Amino acid sequence: MASSSSSDPAATLYDMPISNHGARVRYAIYAKDIQDVVHIVSPNELGGLKGEEYLKRNPQGKMPLLVLADGTALPESEIIVQYLLDAYADRGPSLKPDDAVSRAKAAYVCRHHDMYIASVQGCMYRAMPSTEARATQLAELYKQLCVLESLCSSPEDGPYFLPGTTATHADGAIVPTMCFCFYALPKYFGWPGEHKASLSAFPKLSAWFASCQASDANLKKVADEVTGALGAWDEGGRWETVGAIADLKNTEYKWAYP
């Protein structure tokens, strides 16, 4: 992730390429072309996510974290995105739908993602307390992706998540997480689809994932960042290390959906 050479940024984003939550913030930064005033650095600059200096600013020890020039710390990706859209409304696209109903729909898409998908996405790539826990969360992930599929626009409505001709912050929120789904679920969990590209059970999401990146270079940029980081995880044996490969050998549980 490149950052501006300016020595006096208005804000600093602490984030890493693997973070799907951070990627939605990076998308807003790239789309609004504000890298000159928002620098992107690793959390290691503050001693890492569990370091004392980082925890002072975000007690949850998670990324992303935005720190303003006056020291104000803003955690949580959607809060950061909305701050950037307001603070830099005069730069680049608004990333907000034009009408109130569409704005509410975009907010709903993001809320659904944050509450119901992000809460279980770790079953794809984290160590779990048990094989049963991984299988249970995977079933919930399928359920919530079905809801997301129902919210996604059809290809004839345009290339973005909501009908229209411009991307919104909803696209920025969903693209990075679908990178995880399209990467891990076909390759490791046996879900029908094309590795890194699609899932057969979700034709609208799959079509949107391709079309939005073809239409918006900054969505492709964050997708490439996340997918590249997932590839590095893969090369390092991530799925073996977290016990996913061992769990998947247990045929008592359902792994492939639908």
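Residues numbered from 1 in each chain as written. Predicted model: local features only at pLDDT ≥ 70, side-chain atom pairs only at ≥ 80, totals over all residues. Heavy atoms only, no water.

1. Looking at the overall build of the protein chain
Thinking step 1. When helices and strands are counted, the protein chain shows 10 helices and four strands.
Thinking step 2. Counting helices and strands in the order they occur from the N terminus, the protein chain gives β-α-β-α-β-β-α-α-α-α-α-α-α-α.
Thinking step 3. Taking 258 residues into account, the globule formula puts the C-alpha radius of gyration at 18 Å, and the protein chain, at 18 Å, falls close to it.
Thinking step 4. Here the protein chain holds 258 residues, and 51% of them are scored as buried.
Thinking step 5. Long-range pairs, those at least 24 residues apart, make up 69% of the contacts in the protein chain between residues at least 6 apart in sequence.
Thinking step 6. Accessible area for the protein chain stands at about 11,500 Å²; split by element, carbon and sulfur atoms hold 52% of it.
Thinking step 7. Distance from the positive charge centre (23 side chains) to the negative charge centre (30 side chains) of the protein chain: 3 Å. (Helix = DSSP H or I, 4+ residues; strand = E, 2+ residues; numbered from the N terminus. Rg over C-alpha atoms; globule rule 2.2 N^0.38 Å. Buried < 20%, exposed > 50% of the residue type's maximum accessible area, 1.4 Å probe, protein only. Contact = heavy atoms within 4.5 Å. Areas by Shrake-Rupley, 256 points an atom, 1.4 Å probe, with all protein chains shown as cover. Lys, Arg positive; Asp, Glu negative; His and termini not counted. Charge placed at Lys NZ, Arg CZ, Asp CG, Glu CD.)

2. Quick word on the pattern of salt bridges
Thinking step 1. Inspection of every chain in the model, using the stated rule, returns 11 salt bridges.
Thinking step 2. Between Arg24 and Glu78 there is a salt bridge; the shortest N-O distance is 2.8 Å. Of this pair, Arg24 sits in helix H1 (residues 20–32) while Glu78 sits in helix H3 (residues 77–87), and the two are 54 residues apart along the sequence.
Thinking step 3. Look at Arg24 and you get buried, because its relative accessible area is 2%.
Thinking step 4. Here Lys96 makes a salt bridge to Asp86, at a shortest N to O gap of 2.9 Å. Of this pair, Lys96 sits in the loop between H3 and helix H4 (100–117) while Asp86 sits in helix H3; the two residues are 10 residues apart in sequence, bridging distant segments of the chain.
Thinking step 5. Shared partners join several salt bridges into a network, and the residues in it are Asp15, Arg26 and Glu225. (Salt bridge = Lys/Arg side-chain N within 4 Å of Asp/Glu carboxyl O.)

3. Quick look at H4
Thinking step 1. Taking 1.5 Å of rise per residue, 18 residues should cover 26 Å, and H4 covers 25 Å from first to last C-alpha, within 8% of that figure.
Thinking step 2. When we look at burial in H4, the residues that qualify are Ala106, Val109, Cys110, His112, His113 and Ile117. Angular distribution of buried residues about the axis of H4 spans 155 degrees; they occupy a single face of the element. Exposed and oriented more than 90 degrees from the buried face of H4 are Ala100, Val101 and Arg111.
Thinking step 3. Close packing links the buried residues of H4 with H1, H3, helix H5 (131–151) and helix H6 (169–188).
Thinking step 4. For H4, the side-chain oxygen to backbone nitrogen distance between the N-cap and Val101 is 3.2 Å, and the N-cap itself is Asp99. (Expected span 1.5 Å × (residues − 1). Arc of directions from axis to C-beta. Polar contact = N/O pair within 3.5 Å; in protein donor to acceptor, adjacent residues only side chain to side chain.)

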